[in-house]
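Letter by letter, the chains look like this.
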Amino acid sequence: MKTLVIGTGGREHALALALSRDPQVTEVHAAPGNPGIAEVATLHEVDPMDGPAVAALATAIGADLVVIGPEAPLVAGVADDVRAAGIACFGPSPEAAQLEGSKAFAKQVMAAAEVPTAMAHVCETAEQVIDALDAFGPPYVVKDDALAAGKGVVVTDDRQAAIDHAAQCGTVVIEEFLDGPEVSLFAITDGETVLPLQPAQDFKRAYDDDEGPNTGGMGAYTPLSWAPADLVAEVSRRVLVPTVKEMARRGTPFQGLLYAGLALTSRGVRVIEFNARFGDPETQSILALLRTPLSALLLGAATGELAEVGLPQWSKASSVTVVVAADGYPEAPRKGDPIGGLDQVAELDGVDVIHAGTAVQDGQLVSAGGRILSVTAIGDDLAEARRRAYAGVDLIDIRGSHHRTDIALAAEQGTMES
Ligand code: AMP
Ligand code: GLY
């Protein structure tokens, strides 16, 4: 099978890497890709937002399956353009991608499907914002309705900061605060059959102990030994299946990766958000443990034959991913710093370096984005996976870069509560 991955980030590198290790895949192509993806795929220069150009590339290389990585091209309808060219494409239509593209839309779908989520007010005016903030009280949760790459959300006890953030957004969603640990649960679906993947945990704040601003994600691990044993079954029954059914009922079936960001609150599971694509960096950790050929799952979803693929199979190992971010990330990441040490990391057992914001300049690998790269390690248990991941991170040399030192630490120490 010939595959084409669209995107440039760590998620796309993890997808391309898994496809390159999949015995059913003969060729991996990517566009536009990055220097890490270039090690496992043939790169092509195409604007991921240009649907007709993506479809033309897929046709030219004879792709059997196109995988759209990021949300922006999905919301723009690129997956539909690929399908219109007669090529199987993993990823929702623009209508279905609104589950991620509009938080207000996601709330409507959840209400119709009776999916448990935070109470919310959709506000258009400053007056509505103030009423909603005061109705819920602190901590205040203020979300830009539009796509903001995980950075449009402010959670704060400071009422004025909440008002100020809302003023910078257009339509804004004000929510009840959800306590409890967060879990990312992904499901692959063809619009009917829903196959949940192994749950993972992401670390959204920039600094240790969940301090600092929200980011796209600073690290991840799986499995979650502390999570309730019936978590996947419960989330399937109460969240994933009803949402997929409701999307089909509306005539806009969701095909692709349905990402449920969950809070395990004292009052039960609540959806924090949906995304319409693989999460980053959870995907790096999850795919490292997937035993079922990834291509079978993605093609099964894209062609409506997921029921025949069967439940995904997993390695019993643990996997930890640590993101190395640029100086100044997330506010103002510096670019162009040389990246050293990757040759030594390549010699470590069970460790992959996954590129995100990297580029080659004058023959030298340099930083080119906020999240520069991540180190994903597998081990027999979380302790071993953590040790290996941080051994890799410690070998990497990028001026001013920073990473969290506590990824999967509470889980390793057995101090996570659910
Ligand atoms: P989102 O983009 O909706 O996933 O929000 C980003 C992050 O903000 C989440 O991962 C949570 O850490 C936090 N967050 C969002 N909504 C809530 C909420 N209702 N209560 C508490 N934290 C939240
Ligand atoms: N890891 C968070 C996200 O992909 O949105």
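Residues numbered from 1 in each chain as written. Chains lettered and ligands numbered in written order. Predicted model: local features only at pLDDT ≥ 70, side-chain atom pairs only at ≥ 80, totals over all residues. Heavy atoms only, no water.

## Topic: the pattern of salt bridges
Our working definition: Salt bridges are counted wherever a side-chain nitrogen of Lys or Arg sits within 4 Å of a carboxyl oxygen of Asp or Glu.
A complete count under the given rule lists 23 salt bridges for this structure. Asp337 is the salt-bridge partner of Arg334, the closest N and O atoms lying 2.9 Å from each other.

## A closer look at the sheet that holds strand S9 (residues 172-175)
Just so we agree on the cut-off: By definition, two strands form a pair when at least two bridges between them are found by DSSP. Helix and strand assignments come from DSSP, with helices taken as H or I runs of at least 4 residues and strands as E runs of at least 2, each series counted from the N terminus. For helices, the axis comes from a line fit to the C-alpha atoms of the stretch in contact; other axes are also lines fit to C-alpha atoms, and the angle between any two N-to-C directions lies between 0 and 180 degrees. Only heavy atoms matter for contacts: two residues are in contact if any of them lie within 4.5 Å across the pair.
Overall, antiparallel pairing links the 4 strands, which are arranged S6-S9-S7-S8 in an open sheet. The open sheet has two edge strands with one neighbour each: strand S6 (120-123) and strand S8 (153-156). Across the sheet, the mean angle separating the axes of adjacent strands is 20 degrees when strand polarity is ignored. With 4 bridges joining them, S6 and S9 adopt antiparallel strand pairing. For Ala120, the partnering residue across the bridge sits in S9 and is Glu175. Against the sheet, helix H6 (residues 103-113) touches S6, strand S7 (140-144), S8 and S9, its axis set at about 50 degrees to S9. Docked against the sheet, helix H7 (residues 126-136) engages S6, S7 and S9, running at close to 170 degrees with respect to S6.

## Some remarks on the site of ligand 1
Heads up, the rule is: In these notes, residues near a molecule or strand are those with any non-hydrogen atom within 4 Å of it. Polar contacts here mean pairs of N or O atoms no more than 3.5 Å apart (in protein, one a potential hydrogen donor and the other a potential acceptor; neighbouring residues in sequence count only if both atoms are side-chain atoms). Three categories are distinguished: nonpolar for Ala, Val, Leu, Ile, Met, Phe, Trp, Tyr, Cys and Pro, charged for Asp, Glu, Lys and Arg, and polar for the others, with Gly belonging to the last.
Residues in close proximity to ligand 1 total 14 residues, the closest being Lys143, Glu175, Leu178, Glu182 and Glu273. Lys204 has a polar side-chain atom sitting 2.9 Å from an oxygen atom of ligand 1. Within the side chain of Glu273, a nitrogen or oxygen atom sits 2.7 Å from an oxygen atom of ligand 1. Elements that contribute at least two residues to the shell around ligand 1 include exactly S7, S8 and strand S17 (268-275). Its residues assigned to classes, the shell around ligand 1 comprises 6 nonpolar, 1 polar and 7 charged.

## Focus on the nonpolar core
Where we set the bar: We define the nonpolar core as a collection of buried residues of types Ala, Val, Leu, Ile, Met, Phe, Trp, Tyr and Cys that are connected through side-chain atoms lying within 4.5 Å of one another. Here's how the labels work: a residue is buried when its accessible area is under 20% of the maximum for its type, exposed when over 50%, partly exposed in between, all with a 1.4 Å probe on protein chains only.
Counting 74 residues, the largest nonpolar core has Leu4, Val66, Leu99, Tyr221, Leu240, Phe274 and Val320 as the members making the most contacts within it. The greatest single-element share of this core, amounting to 6 residues, is contributed by helix H9 (residues 231-249). With residues near it in sequence (within four places) discarded, Leu240 still touches Leu185, Ala187, Val194, Pro196, Val235, Leu258 and Ala260. Among the nonpolar cores identified, the runner-up in size contains 32 residues, and Ala14, Ala16, Ala200 and Ile286 belong to it.

## A few points about the site of ligand 2
Stated formally: Working definition of accessibility: Shrake-Rupley area with a 1.4 Å probe, residue cover restricted to the visible protein chains.
Looking at ligand 2, the residues that line it are Asp202, Lys204, Gly216, Tyr259, Asn275, Arg277, Gly279, Asp280, Pro281 and Glu282. The backbone of Gly216 places a nitrogen or oxygen atom 3.3 Å from a nitrogen atom of ligand 2. The backbone of Asp280 places a nitrogen or oxygen atom 2.8 Å from a nitrogen atom of ligand 2. Expressed as a share of its isolated accessible area of 200 Å², the protein-covered part of ligand 2 is 92%. Its residues placed into classes, the shell around ligand 2 shows 2 nonpolar, 3 polar and 5 charged.

## Brief notes about the packing of H7 against helix H8 (residues 159-168)
We apply this condition: By the definition used in this description, the sense in which the near helix is turned from the far one sets the handedness, with an anticlockwise turn below a right angle giving left-handed and a clockwise turn giving right-handed.
Relative to each other, H7 and H8 sit at 140 degrees, their axes nearing to 10 Å. Read as a crossing pair, H7 and H8 show a hand that is right-handed. Contacts between H7 and H8 pair Val129, Ile130, Leu133 and Asp134 from the former with Arg159, Ala162, Ile163 and Ala166 from the latter. Of the residues contributing to the contact of H7 with H8, the split by class is 6 nonpolar, no polar and 2 charged.

## A few points about the side chain of Lys143
Relative to the helices and strands, Lys143 is located in strand S7. Here the side chain of Lys143 touches Glu175 through a polar contact of 3.4 Å, side chain to side chain. Setting aside anything within four residues of it in sequence, one finds Lys143 in contact with Lys103, Gly152, Val153, Thr171, Val172, Val173, Glu175 and Ile272.

## Details of the sheet that holds strand S11 (residues 194-196)
On the basis of which strands lie adjacent, the open sheet formed by 4 strands has the order S11-S10-S16-S17 and antiparallel pairing. Of all strands in the sheet, those with a lone pairing partner are S11 and S17, marking the two edges. Neighbour-to-neighbour, the strand axes of this sheet turn through a mean angle of 35 degrees, independent of strand direction. Note: strand S10 (residues 182-189) against strand S16 (residues 256-265), 8 bridges, orientation antiparallel. The partner of Ile188 across the bridge, within S16, is Leu257.

## Describing the packing of aromatic side chains
As a reminder of what qualifies: Stacked, tilted and edge-to-face are the three classes assigned to paired rings of Phe, Tyr and Trp, where Trp is represented by its six-membered ring and a pair needs centres within 6.5 Å; plane angles under 30 degrees give stacked, over 60 edge-to-face, the rest tilted.
Counted under the stated rule, the structure contains 4 aromatic pairs. Ring centres 6.0 Å apart and planes at 35 degrees place the aromatic pair Phe90 and Phe278 in the tilted group. Here Phe90 is found in strand S5 (residues 88-90), whereas its partner Phe278 is found in the loop between S17 and helix H10 (282-287), with 188 residues between them in sequence. Accessibility assignment for this pair places Phe90 and Phe278 in one class, buried. Ring centres 4.7 Å apart and planes at 35 degrees place the aromatic pair Phe186 and Tyr259 in the tilted group.

## With respect to the pairing of strand S18 (residues 318-325)
Taken across its 8 residues, S18 has 8 buried, putting it largely inside the fold. Alternating positions in S18 separate into two faces, Ser318, Val320, Val322 and Val324 on one and Ser319, Thr321, Val323 and Ala325 on the other, with burial throughout. In the sheet, strand S15 (residues 219-222) pairs with S18 via 4 bridges, with the strands oriented antiparallel. Looking across to S18, one finds that Tyr221 is bridged to Val320. Sheet analysis places S18 next to strand S22 (residues 371-379), joined by 8 bridges and oriented antiparallel. Across the sheet, residue Val320 finds its bridge partner in S22, namely Ala377.

## Quick notes on helix H13 (residues 382-395)
What counts here: Multiplying 1.5 Å by the helix residue count minus one yields the expected span of that helix.
With 14 residues, H13 extends 20 Å from end C-alpha to end C-alpha; this agrees with the ideal 20 Å at 1.5 Å per step. Among all positions of H13, only Leu382, Glu384, Ala385, Arg386, Ala389, Tyr390, Gly392 and Val393 are buried. Against S15, S18, helix H12 (342-346), S22 and helix H14 (409-413) lie the buried residues of H13.

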